Amino acid sequence: MRIDIKECARLLADKDDILILTHAHPDGDTLGCGFALCRALMKMGKFCSVVNADEIPKKYGYLYDDIAPIKFNPKFVVAVDVATPNLLGGLDGKYHINLCIDHHLTNTEYADDILLQDVPAACQTIYKLIKELGVEIDNRMADALYTGISTDTGCFRYASTTSETYRIAADLIDLGANNGMINRAMFETKTKSYAQLERLALDTMSFYDNDRIAIITVTQDMYLRTGSNETETEPLAPLTRMVEGVEIGVILKEKPDGTCKASIRTFDTVNAAELAKAFGGGGHPQASACRFDCDILEAKNRIISKGSELLNR
């Protein structure tokens, strides 16, 4: 059932022993949501914890480095920034999900209750929810919320960014968010292994349909050669859209079992969510993702075929 922020706040206020699920291959928005909400609920005296199926990239360590692990039996489970259960990765099917807080309009409404808002970052909704809970936002919560908003808006560069987004970000800075540190960590700092991976990945960039589709591939061999891994691939996705004339940019990442995942970026000429949905995925109009049960070459052919169809219809 769809609920609003007031109903969601009342629901959480009545619960305890709360487990927060974040999506696999975590990004700044899902982690920002999870740890900001966790901190708010802990301030209310509740037992709460955040889990993820995958390794959390080291650059996000400041979101949780002061939170001591708590062991408890979850009585209420919340998924944040998770459009479909399969995005939970290894956590999919392990829990009955009571509440989902999300901003993906492709959400499959799998939870008992859902708070769904069409905003650039789910952290915008969490910001309003924490306010509705009556919890004072401290600097650590502000860091988490600013992280989610800045990363899901491409440091406020994406067209989805609204005037409200800027106002909330400004409020978070006033509340102590370390925006300078966060922006450097998210957008300016590269590990040596990532720098080597980026070089190899860019060498694979190929163009199709009159250069309107650009595809980068990342293989397991590239990880082995650079000492990198999939947790470092997030900054690769926007690179394809930076090439003049490209309307659909895709990064295909090979999984250890030979299958792959696609991260899709588009401009307003093509709906990325529609392209991803054709392969069982989803997301936002200009940023989406999907998985393929085939190898990179076959996945590339499928993406090119469907992408060209959308471009030329």
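Data block above holds the structure.
Parameters at a glance
Residues numbered from 1 in each chain as written. Predicted model: local features only at pLDDT ≥ 70, side-chain atom pairs only at ≥ 80, totals over all residues. Heavy atoms only, no water. Salt bridge = Lys/Arg side-chain N within 4 Å of Asp/Glu carboxyl O. Buried < 20%, exposed > 50% of the residue type's maximum accessible area, 1.4 Å probe, protein only. Helix = DSSP H or I, 4+ residues; strand = E, 2+ residues; numbered from the N terminus. 1 Å grid on protein atoms, 1.4 Å probe; cavity = no way out; pocket = protein on both sides within 12 Å on 5 of 7 lines; lining within 4 Å. Points joined across faces, edges and corners; volume = space filled by probe spheres on them. Nonpolar A, V, L, I, M, F, W, Y, C, P; charged D, E, K, R; others polar. Pairing = 2+ DSSP bridges. Axes fitted to C-alpha atoms, helices over the stretch in contact; angles between N-to-C directions. Contact = heavy atoms within 4.5 Å. Parallel < 35°, antiparallel > 145°, perpendicular 65-115°, else oblique. Left-handed = near helix turned anticlockwise from the far one by under 90°. Disulfide = S-S within 2.5 Å.

Caption draft 1: Here's a closer look at the pattern of salt bridges. Summed over the entire model, instances satisfying the criterion amount to 17 salt bridges. Two residues, Arg212 and Asp209, come together in a salt bridge whose shortest N-O distance is 2.6 Å. As far as the burial class goes, Arg212 and Asp209 line up, both buried. With a closest N to O distance of 2.6 Å, Glu298 and Arg302 form a salt bridge. Of this pair, Glu298 and Arg302 both sit in helix α10 (residues 296-312), four residues apart, which is roughly one turn of that helix. Exposure remark for Arg302: the relative accessible area of 31% places this residue in the partly exposed category. Taken together, the shared-partner salt bridges in this structure form one network comprising Arg39, Asp65, Asp66 and Arg140.

Caption draft 2: How the structure looks around the layout of surface pockets. What the second largest pocket holds in volume is close to 200 Å³. Taken together, Phe35, Cys38, Cys48, Ser49, Val50, Ile56, Tyr64, Ile67, Ala68, Pro69, Ile70 and Lys71 make up the lining of the second largest pocket. Only α2 (28-43) and β2 (48-51) provide two or more residues apiece to the lining of the second largest pocket. If you tally residues by element for the lining of the second largest pocket, the top one is β2, at three residues. Taken together, the residues of the lining of the second largest pocket break down into 10 nonpolar, one polar and one charged.

Caption draft 3: Structural detail: the sheet that holds strand β1 (residues 18-22). Across the sheet, five strands lie side by side as β2-β1-β3-β4-β5; this open sheet has parallel pairing. Each having just a single partner strand, β2 and β5 (113-116) make up the two edges of the open sheet. In this sheet, neighbouring strand axes are inclined to one another by 20° on average, regardless of whether the strands run parallel or antiparallel. Strand contacts of α2: β1, β2, β3 (76-80) and β4 (99-102), with the helix running at about 170° to β1, the strand carrying the most contacts.

Caption draft 4: How the structure looks around the environment of Lys192. Position of Lys192 among the secondary structure elements: in helix α7 (residues 192-203). Residues Lys192 and Asp113 lie 79 residues apart in sequence; the distance between their C-alpha atoms is 43 Å.

Caption draft 5: Geometry of the packing of α2 against helix α4 (residues 139-152). Interaxial distance between α2 and α4 falls to 8 Å at its minimum, and their mutual angle equals 160°. Classified by the angle their axes make, α2 and α4 are roughly antiparallel. Here the hand of the crossing between α2 and α4 comes out left-handed. Between α2 and α4, the contacting residues are Gly28, Asp29, Gly32, Ala36, Arg39, Ala40 and Lys43 on the first element and Arg140, Met141, Ala144, Leu145, Thr147, Gly148, Thr151 and Asp152 on the second. Class assignment of the residues belonging to the contact of α2 with α4 gives a composition of five nonpolar, five polar and five charged.

Caption draft 6: Summary view of the state of the cysteines. All chains considered together, the criterion is met by zero disulfides. Counting only cysteine sulfurs, Cys38 is the nearest neighbor of Cys48, a cysteine outside any disulfide, at a range of 3.6 Å. The buried category is assigned to Cys48, whose relative accessible area is 2%. The structure places no disulfide on Cys294, whose sulfur is separated from the nearest cysteine sulfur, that of Cys260, by 5.3 Å.

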